[in-house]
Amino acid sequence: MKLPVYAATAFSAAISLALTFVPASGLGYHNGAVQIDVTESGGYYILSDPLRPGISCGINGTTPAKGPVGTTIGTGRRHDTVTACVDVLYGVQRMWDMLRDWLGRNGINGSGRGAPARIVTGTSVPGSTVDFPGSQSFPTQLDLVGHQYGHVVYQTTPGGAGAGNENGGINEGSADIFGTLTEWYANSHVDRPDYVIGEGSDLIGGGPLRHTYNPGLDGHPNCYSAQIPATEVHAASGPMRHWFYLLAEGSVPGGGKPSSPICAGGPASVTGIGLVKAGRVFMQSLLRKTSGWRYVHVRTASVMSAIELYGPADPACVTVKAAWDAVSVPAQPAEPACAPPPAR
Ligand SMILES: [Zn+2]
């Protein structure tokens, strides 16, 4: 029987996918022993993801790193660049799956694609790669991989990356939110999920790089103010990551989770709606982004998103508002009202 050409092509593509996809054993520095999805070719495991288009990891370039078939990829040592790639691939694969399972997003860019990662030991040259620069260690733990790729999500939602320090702060805060979501989704027994960022990467001489529940611990503002547009972007992200923590966990979550301060004029307390639900509201808000986004616009977008996803009577609506009140981003004229909870 003679198959039409298109059928033969489809058939061989399916066969080649089946032959080249393999879960391989890797040894990361931050994540320990992990399984990562790699491509097998010519006797090597190639650190190019066969299931998540566009995802790969290279050393100082976009050529994917590799290791001999049948061996463990990486040494688990912090200065080793292939080990760093193992951590990046493990992290971005968890993030991709988190976006799909928790937030309903198709790939990093929303249309089924990601971008290549680079471990950079020299000077990072701007390009279309997601870079992890370092020398003796690399910023490749789960929340930092989620942070770096979180910038790609931000850039590929409407309005792009925008400009200015306030917009940049929202971008940095959003990246920390994606990092946190990725870490909780991965739920690693080696790098246990938490609400601090970069605590294992020793970027500032040990300890967390940033706290989401209390940015004041980092010398960053907890509350929105007129100074934000003139504040360095990572510091200007303070109110954004603080809002998200309050929305997800609340001001006094208990259960070993840290308490979170409330800014002057805010509510007495905030009760969180849970991490996944908060993540969905946040992701939906990003789909309403414009290039001129400021904190007040994020507030309005998040209230609209909570109502769109859960309805005006769900606790998500009032909690989104309360969490913004708690970080000094006031109610906006364009913001829809919540409905009273249904009578029981
Ligand atoms: Zn960043």
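Residues numbered from 1 in each chain as written. Predicted model: local features only at pLDDT ≥ 70, side-chain atom pairs only at ≥ 80, totals over all residues. Heavy atoms only, no water.

K.L.:
Whenever I open this one, the domain arrangement of the protein confuses me. Can you help?
P.N.:
Interface size is commonly expressed as the accessible surface area that is lost when the partners come together. Parsing the protein into structural domains produces domain 1 (22-137) and domain 2 (141-344). A straight line from the C-alpha centre of domain 1 to that of domain 2 covers 27 Å. With 31 residues of domain 1 at the contact, the number on the domain 2 side is 29 residues. Between domain 1 and domain 2, a total of about 2,400 Å² is buried, with carbon and sulfur atoms accounting for 71% of that surface. Sorting the residues of domain 1 by area buried against domain 2 places His30, Trp102 and Leu103 first, and these three jointly supply 29% of that buried surface. Scanning the region where domain 1 abuts domain 2 turns up zero salt bridges. (Domains from an automatic or database assignment. Contact = heavy atoms within 4.5 Å. Buried area = accessible area lost by both parts, 1.4 Å probe. Salt bridge = Lys/Arg side-chain N within 4 Å of Asp/Glu carboxyl O.)

K.L.:
What is the right way to read the environment of Gly216 from this model?
P.N.:
Looking at where Gly216 falls in the secondary structure, it is placed in the loop between β9 (210-211) and α5 (233-236). Given the relative accessible area of 38%, Gly216 is considered partly exposed. For the pair Gly216 and Gly238, spaced 22 residues apart in sequence, the C-alpha to C-alpha distance is 7.9 Å. (Helix = DSSP H or I, 4+ residues; strand = E, 2+ residues; numbered from the N terminus. Buried < 20%, exposed > 50% of the residue type's maximum accessible area, 1.4 Å probe, protein only.)

K.L.:
What is the right way to look at empty space enclosed by the protein in this model?
P.N.:
Think of a ball as big as a water molecule: rolled over the atoms, this probe shows where empty space is left. Enumeration according to the criterion identifies two cavities of 30 Å³ or more in this entry. There is about 40 Å³ of room inside the largest cavity. Lining the largest cavity we find Tyr29, His30, Arg77, Arg78, Asp80, Thr83, Ala84, Asp87, Phe138 and Thr140. Residue composition of the lining of the largest cavity, grouped by class: three nonpolar, three polar and four charged. Lining the second largest cavity are Asp176, Ile177, Thr180, Tyr195, Thr212, Arg241, Phe244 and Tyr245. At the level of secondary structure, the elements contributing two or more residues to the lining of the second largest cavity comprise α4 (165-186) and α6 (238-249). Partitioned by chemical class, the residues of the lining of the second largest cavity number four nonpolar, two polar and two charged. (1 Å grid on protein atoms, 1.4 Å probe; cavity = no way out; pocket = protein on both sides within 12 Å on 5 of 7 lines; lining within 4 Å. Points joined across faces, edges and corners; volume = space filled by probe spheres on them. Nonpolar A, V, L, I, M, F, W, Y, C, P; charged D, E, K, R; others polar.)

K.L.:
Just to check I follow, could you spell out the packing of aromatic side chains for this structure?
P.N.:
Given two aromatic rings, one states the distance between the centres and the angle between the planes to describe the pair. This model, assessed by the stated rule, comprises 10 aromatic pairs. Relative to Tyr245, the ring of Tyr195 has its centre 4.8 Å away and its plane inclined at 85°; by these criteria the two rings are edge-to-face. With Tyr195 in the loop between α4 and β8 (196-197) and Tyr245 in helix α6, the pair connects residues that are 50 residues apart, well separated along the chain. The class of Tyr195 is buried, set by a relative accessible area of 5%. Seen from their ring centres, Tyr213 and Tyr245 are 5.7 Å apart, and the 55° between their planes marks the pair as tilted. Here Tyr213, found in the loop between β9 and α5, pairs with Tyr245, found in helix α6; they are 32 residues apart in sequence, far enough to count as distant. (Phe/Tyr/Trp six-rings, centres within 6.5 Å; stacked < 30°, edge-to-face > 60°.)

K.L.:
For this particular structure, what's the right way to read the environment of Gly274?
P.N.:
Position of Gly274 relative to the elements: it lies in the loop between α6 and α7 (275-286). Each C-alpha atom of the pair Gly274 and Arg299 lies 18 Å from the other, and the pair is 25 residues apart in sequence. Apart from the residues within four sequence positions on either side, Gly274 is in contact with Leu247 and Ala248.

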